[in-house]
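Commentary on secondary and tertiary structure
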Amino acid sequence: MPIQAIRSQRLYRQIADQLQQLINNGEFPPGTLLPPERELAQSLGVSRASVREALIALEVVGQVAVRVGHGVVVLEPRSMPLEPVMRAAARTEPWALDPEFESEIELNLDEEIPPFSLLQTRRYLEPEIAALAATNATDDDIKSIRLALERNFFDNANGRRNCVGDRLLHIRIAEASSNAAYALIIKHLLGHQYGPMFRRLQDLYMETDMPQRSQGDHEQIVKAIENRDPTAARHAMEAHLDHVLSVFFAE
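A short tour of the structure in this document, coming up. All figures in this text were calculated on a predicted structure; none of them were measured in a lab.

How each quantity is defined
- All residue numbers here refer to positions counted from 1 along the written sequence of the relevant chain.
- For this predicted model, a pLDDT threshold of at least 70 governs which residues receive local features, and a threshold of 80 or more governs which side-chain atom pairs are given and counted, while totals over whole chains, interfaces and linings are taken from all residues.
- With hydrogens and water stripped out, all remaining heavy atoms of the structure feed into the side-chain values.
- The residues that make up patches have over 30% relative accessible area and no salt bridge, and they are joined within 9 Å when like-charged or within 5 Å when they are Val, Leu, Ile, Met, Phe, Trp or Tyr.
- All accessibility values rest on the Shrake-Rupley procedure with a 1.4 Å probe; residue burial counts only the protein chains present in the view.
- Salt bridge, as used here: a side-chain nitrogen of Lys or Arg that lies within 4 Å of a carboxyl oxygen of Asp or Glu.
- Only four residue types enter the tally: Lys and Arg on the positive side, Asp and Glu on the negative side; His and the chain ends are excluded.
- Here the site of a charge means NZ on Lys, CZ on Arg, CG on Asp, or CD on Glu.
- Runs of H or I in DSSP of at least four residues are treated as helices and runs of E of at least two as strands, each being numbered from the N terminus.
- The buried label goes to any residue with under 20% of its type's maximum accessible area, the exposed label to any with over 50%, and the partly exposed label to all in between, with areas taken from a 1.4 Å probe on protein chains only.

The next point concerns a negative patch on the surface. A surface patch of like charges, here negative, comprises Asp98, Glu100, Glu102 and Glu104. Secondary-structure assignment places Asp98 in the loop between α4 (85-92) and α5 (115-136). The class of Asp98 is partly exposed, set by a relative accessible area of 35%.

We now examine the pattern of salt bridges. One pass over the structure, following the stated rule, counts 10 salt bridges. Between Arg234 and Glu128 there is a salt bridge, and its shortest N-O distance comes to 3.2 Å. Here Glu128 lies in helix α5 and Arg234 lies in helix α11 (residues 230-248), a separation of 106 residues in the sequence. For Glu128, a relative accessible area of 32% puts it in the partly exposed group. For the salt bridge of Asp139 with Arg228, the shortest nitrogen-to-oxygen distance reads 3.6 Å. Taken together, the residues span a long stretch of sequence, with Asp139 in helix α6 (residues 139-157) and Arg228 in the loop between α10 (210-226) and α11 at a distance of 89 residues. Overlapping salt bridges bring together Glu37, Arg48 and Arg52 as one network.

This part is about a nonpolar patch on the surface. Residues Leu97, Phe101, Ile105, Leu107 and Leu109 make up a contiguous nonpolar surface patch of roughly 460 Å² in combined accessible area. Looking at the element boundaries, Leu97 is found in the loop between α4 and α5. According to the relative accessible area criterion, Leu97 is partly exposed, its value standing at 38%.

What follows is the structure, given as structure tokens:
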């Protein structure tokens with residue numbers, strides 16, 4: 001089973017699962033070394049950082065031992081049923097709030113973020129996210145972005161005010177950035193239904209032609225990503241979010 005070039009998002013997951021399959025198929029028996037990071041990165045067509053993350057994930061679930069300066073050793077298989085690396089890792093040690101912080105910080109992921117804070121955060125993050133999407137998006141990512149834009153058109157044509165297509169477009173762009181942290185943040189910010197504060201802001205201040213104007217902005221963003229032009233994508237996203245902020249929070 002030859003190593004195959006990685007082209008999907010969430011690279012380290014894809015790499016870890018492929019290496020796990022190679023190990024399970026006997027390509028790398030217990031006690032042998034995996035190829036060096038640099039060689040794996042070249043074979044897979046990814047960065048060494050992504051390879052290193054994948055190797056650490058494999059170590060977390062007990063498939064390899066990472067020995068800095070000596071290589072990555074394949075371990076004897078466990079008796080547990082085989083499953084994708086990240087699912088096994090999540091079961092081994094779930095991502096959770098550090099107990100050290102339980103009395104120090106308040107974290108309520110269900111609480112509505114005030115509208116200005118929400119838009120201001122997006123204004124600083126999303127231009128760079130769009131630039132990364134223009135650089136990293138796969139053909140499948142581009143198709144998903146285009147489908148979300150079409151949903152945006154449909155919503156606007158039918159007077160829908162919940163902005164599902166609009167928000168989905170921004171989420172798809174974040175996913176196409178190939179940065180899992182950016183994607184997680186944007187999914188959290190936009191995956192929730194708009195709260196009562198944001199809905200009231202829309203009722204009071206949203207211009208009647210704003211959906212159509214935003215649609216034009218979105219077309220420019222998507223066009224720049226499709227053209228693989230990170231500078232144009234960054235500027236188009238900046239212009240779009242500046243427009244939104246000016247509508248809702250004009251001095």
